[in-house]
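Survey of secondary and tertiary structure
One-letter residues, chain by chain:
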Amino acid sequence: MWSIRKSYDNIEKIPYNTFGVVLGTSKYLHGGGLNAYFKYRMDAACFLFYHKKIRYIIVSGDNREKNYNEPKMMKKELISKGIPAYFIYEDFSGISTIHSVLRVYKVFNQKKFTIISQRFHNERAIFIGNCLGLDVIGFNAKSLSFDCKTQFRELLARIKAIWDIFLSLKRSRKIG
């Protein structure tokens, strides 16, 4: 159900897509210190870019608060790792996984792209993309131990994803 076959760990096996989409997360933890999820996603995006598995990177995340801007933090980090700014696009309205996936299609006109996040997050994003009729795959950034808190959060996020898909498809039927 959660599209494991479209989720890749191996750089040799993942097919090329013009766009890679890094799903947002904060650079820093609430208590201070670097967020490992952020670091590993940036590393994975660079890895794909330098191995010519993607040409452009969309950094999609939240920036609803004045002093919090995930896309800006991600772009700055990627530039510091040597990726030229003109290969990086910012999506400032990726406030949730479904928003990020939908906006790549609606704003950037891409039906086929690579999602870059941890495996559990990629599985959910690929599921969303499949339900929306998109051709998406995921590249799995290094992950952390999957503790009870993360498992519970992901369970709720998957339930929300199903609900969001249901509402999204219901709305699109009314529009179209």
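Everything below is about the structure shown above.
Source: prediction; values computed, not measured.

**Concerning the pairing of strand 2 (residues 19-23)**
Of all 5 residues in strand 2, 5 are buried; the element is thus mostly enclosed. Here strand 2 shows no split at all, with Phe19, Val21 and Leu23 on one side and Gly20 and Val22 on the other all buried. Summarising the sheet, strand 2 and strand 3 (residues 56-60) pair through 5 bridges and their orientation is parallel. Across the sheet, leucine 23 pairs through a bridge with serine 60, a residue of strand 3. Since strand 2 and strand 3 lie parallel, the crossover through helix 1 (residues 36-50) that links them has a hand, and here it is right-handed. Summarising the sheet, strand 2 and strand 5 (residues 112-118) pair through 3 bridges and their orientation is parallel.

**Points about the layout of surface pockets**
Quantified by volume, the largest pocket comes out at close to 1,100 Å³. Gly24, Thr25, Tyr37, Arg41 and Arg153 are, among the 36 residues lining the largest pocket, the residues nearest its centre. Secondary structure elements with two or more residues in the lining of the largest pocket: helix 1, helix 3 (97-106), helix 4 (119-131) and helix 5 (148-175). Looking at the lining of the largest pocket, the element that brings in the most residues is helix 5, giving 8 residues. Tallied by class, residues from the lining of the largest pocket come to 14 nonpolar, 13 polar and 9 charged.

**Things to note about the packing of helix 1 against helix 2 (residues 70-80)**
Where helix 1 meets helix 2, the axes come as close as 10 Å, and the angle between the chain directions of the two elements is 55°. As judged from the angle between their axes, helix 1 and helix 2 are oblique. You can see that helix 1 and helix 2 cross each other, and the crossing is right-handed. Residue-level contacts link Phe38, Met42, Ala45 and Cys46 of helix 1 to Met73, Met74, Glu77 and Leu78 of helix 2.

**Section: the environment of serine 117**
You can see serine 117 is positioned in strand 5. In sequence terms serine 117 and asparagine 67 are 50 residues apart; their C-alpha atoms lie 23 Å from each other.

**Things to note about the pattern of salt bridges**
As enumerated under the stated definition, the model contains 7 salt bridges in all. In this structure, glutamate 77 and lysine 27 form a salt bridge, with 3.0 Å as the shortest nitrogen-oxygen distance. Pair noted here: glutamate 77 is in helix 2 and lysine 27 is in the loop between strand 2 and helix 1, with a separation of 50 residues, a long-range link. Glutamate 77 sits in the buried class, given a relative accessible area of 18%. Residue class for lysine 27 comes out buried when judged on its relative accessible area of 18%. Ionic pairing is found between aspartate 91 and arginine 103, a salt bridge with its closest N-O pair at 2.6 Å.

Thresholds applied
Residues numbered from 1 in each chain as written. Predicted model: local features only at pLDDT ≥ 70, side-chain atom pairs only at ≥ 80, totals over all residues. Heavy atoms only, no water. Buried < 20%, exposed > 50% of the residue type's maximum accessible area, 1.4 Å probe, protein only. Helix = DSSP H or I, 4+ residues; strand = E, 2+ residues; numbered from the N terminus. Pairing = 2+ DSSP bridges. Right-handed = clockwise from strand over helix to strand, strands pointing away. 1 Å grid on protein atoms, 1.4 Å probe; cavity = no way out; pocket = protein on both sides within 12 Å on 5 of 7 lines; lining within 4 Å. Points joined across faces, edges and corners; volume = space filled by probe spheres on them. Nonpolar A, V, L, I, M, F, W, Y, C, P; charged D, E, K, R; others polar. Axes fitted to C-alpha atoms, helices over the stretch in contact; angles between N-to-C directions. Parallel < 35°, antiparallel > 145°, perpendicular 65-115°, else oblique. Left-handed = near helix turned anticlockwise from the far one by under 90°. Contact = heavy atoms within 4.5 Å. Salt bridge = Lys/Arg side-chain N within 4 Å of Asp/Glu carboxyl O.

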